[in-house]
Amino acid sequence: MKARYYSLDVFRGATVAFMILVNSPGSWAHIFSPLGHAKWHGLTPTDLVFPFFLFAVGNAMAFVMPRLEVAGPAAFWRKVAKRTALIFGIGLLLNWYPFVHWVEGALVAKGWTWTKGDGTTGGVRILGVLQRIALCYFFGSILVYYFKARGAFLAGLIILLLYWAFCIAGNPADPYSLEGWFGTAIDKAILGEPHLYRGEGVAFDPEGLVSTLPAIVQVIFGYLVGDYLRRRNLYLQEAGAKTESSQHLYQTIAVLLLSATALLFTAYAWNLSFPINKKIWTSSYVCATTGLAIAVLATLVYFIEIRKATGGWSRFFDVFGKNPLFIYALSGLIPKTLSVIRIPDGTDVSGSAQYTNPWSWFYDHVCANIPGIPEIGSLVFALCFVGLLWAVGYWMDKRRIYVRV
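Residues numbered from 1 in each chain as written. Predicted model: local features only at pLDDT ≥ 70, side-chain atom pairs only at ≥ 80, totals over all residues. Heavy atoms only, no water.

1. Let's talk about the pairing of strand 6 (residues 353-356)
With 3 bridges joining them, strand 5 (residues 343-347) and strand 6 adopt antiparallel strand pairing. Pairing of threonine 347 across the sheet is with alanine 353, part of strand 6. Linking strand 5 back to strand 6 in an antiparallel pair, the connection comprises 5 residues, with glycine 351 at a positive phi of about 90°. (Pairing = 2+ DSSP bridges. Helix = DSSP H or I, 4+ residues; strand = E, 2+ residues; numbered from the N terminus.)

2. Comments concerning the pairing of strand 2 (residues 106-109)
With 4 bridges joining them, strand 1 (residues 100-103) and strand 2 adopt antiparallel strand pairing. Paired with histidine 101 across the bridge in strand 2 is valine 108. Between strand 1 and strand 2, which pair antiparallel and follow one another directly, the connecting turn spans 2 residues, one of which, glutamate 104, has a positive phi of 50°.

3. Re the packing of helix 2 (residues 49-71) against helix 8 (residues 283-306)
Helix 8 packs onto helix 2 with a crossing angle of 70° between their chain directions and a minimal axis gap of 9 Å. What the angle tells us is that helix 2 and helix 8 run roughly perpendicular. Once helix 2 is placed against helix 8, the crossing between them reads as right-handed. The residues of helix 8 that touch helix 2, namely those facing Pro51, Phe52 and Phe55, are Tyr285, Thr289, Thr290, Leu292, Ala293, Ile294, Val296 and Leu297. Residue classes in the contact of helix 2 with helix 8 are distributed as 9 nonpolar, 2 polar and no charged. (Axes fitted to C-alpha atoms, helices over the stretch in contact; angles between N-to-C directions. Parallel < 35°, antiparallel > 145°, perpendicular 65-115°, else oblique. Left-handed = near helix turned anticlockwise from the far one by under 90°. Contact = heavy atoms within 4.5 Å. Nonpolar A, V, L, I, M, F, W, Y, C, P; charged D, E, K, R; others polar.)

4. Digging into the environment of threonine 289
When you line up the elements, threonine 289 lands in helix 8. In this structure the C-alpha to C-alpha distance between threonine 289 and glycine 180, which are 109 residues apart in sequence, comes to 24 Å. Setting aside residues no more than four positions away along its own chain, threonine 289 makes contact with Leu43, Asp47, Leu48, Pro51, Phe52 and Gln218. Side-chain polar atoms of threonine 289 contact the side chain of glutamine 218, separated by 2.8 Å. (Polar contact = N/O pair within 3.5 Å; in protein donor to acceptor, adjacent residues only side chain to side chain.)

In structure tokens form, the structure reads like this:
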């Protein structure tokens, strides 16, 4: 990207950094409320992370799509299919990894399914964050490539309205509750109950197939904003305008903020009948989070492109933006690897040996002992992990190692 769009790099990097922060507390029992997801309806800062990343995927697509359009359909399909398969495959393997687990004191290979201690069947989760990114990128790319910006925007609006209609038609009496949402039955039928997420205590996948449908629109909206910025820059270059002219940047910011305001107004009006909800990724949630993403991006354009307020803070986030998918995948790989290593940790009340692992040991014996409420130690643990991954990213950037998929 040109220096003019350094704001997009910082936006993407900050999103990755915050995503790692909220996914890696020392203890899930001790997190500050803004660092946790809304229990069901509603919105917290943490609920912005994933849609912001999908928005950033769309931003990046805007700078790649012109080259794919020139290269032709064959090149487009090779690029998109390969990237989709790689991202989806990495996500699936991360869910399966480390391919072994401890069972009665012995490491046992983890198959596609297994019998748990309570007699129920467990299985590898098929979907997840990377898998949703892959699917949204795939379908978003197709819509943008074949329908162009205006057609993709119209397709996005139709998808959001259809999803609302599907929710109501699927269960008119109770369409938006955990028990009443229609998508879980479809996910169970296609993916199989053992392969769904159980974070809510039941088989329910917040990254399931059905709720991926409106998430595709997040990528489309991100593309439209990225395409606007790209075209705006081309227009100014052709007109001979100075790239450092703040007047043109103020006009760009004004358009972005007007778009953000329109989306936020739509979201909170829609919220009256179609609640903002991340876990079933409602259409009002798409509008709200996209509006906020645009507002944040406009703010970054003001401080970075107009005020030139760059420095250590922007370089810190830029490191995450250079290798975003690799660093995010590494953030899942490290704790899963460490979980296999057993460290003796005393005995329980019956005198049986207890074990911990390096990941838990560092929190229990270092961060949890920090004075104050336990949420502080849990946050320090997450910040340490963010710092570790930043160091890896910084080392890679210095050696110009960029992992592209």
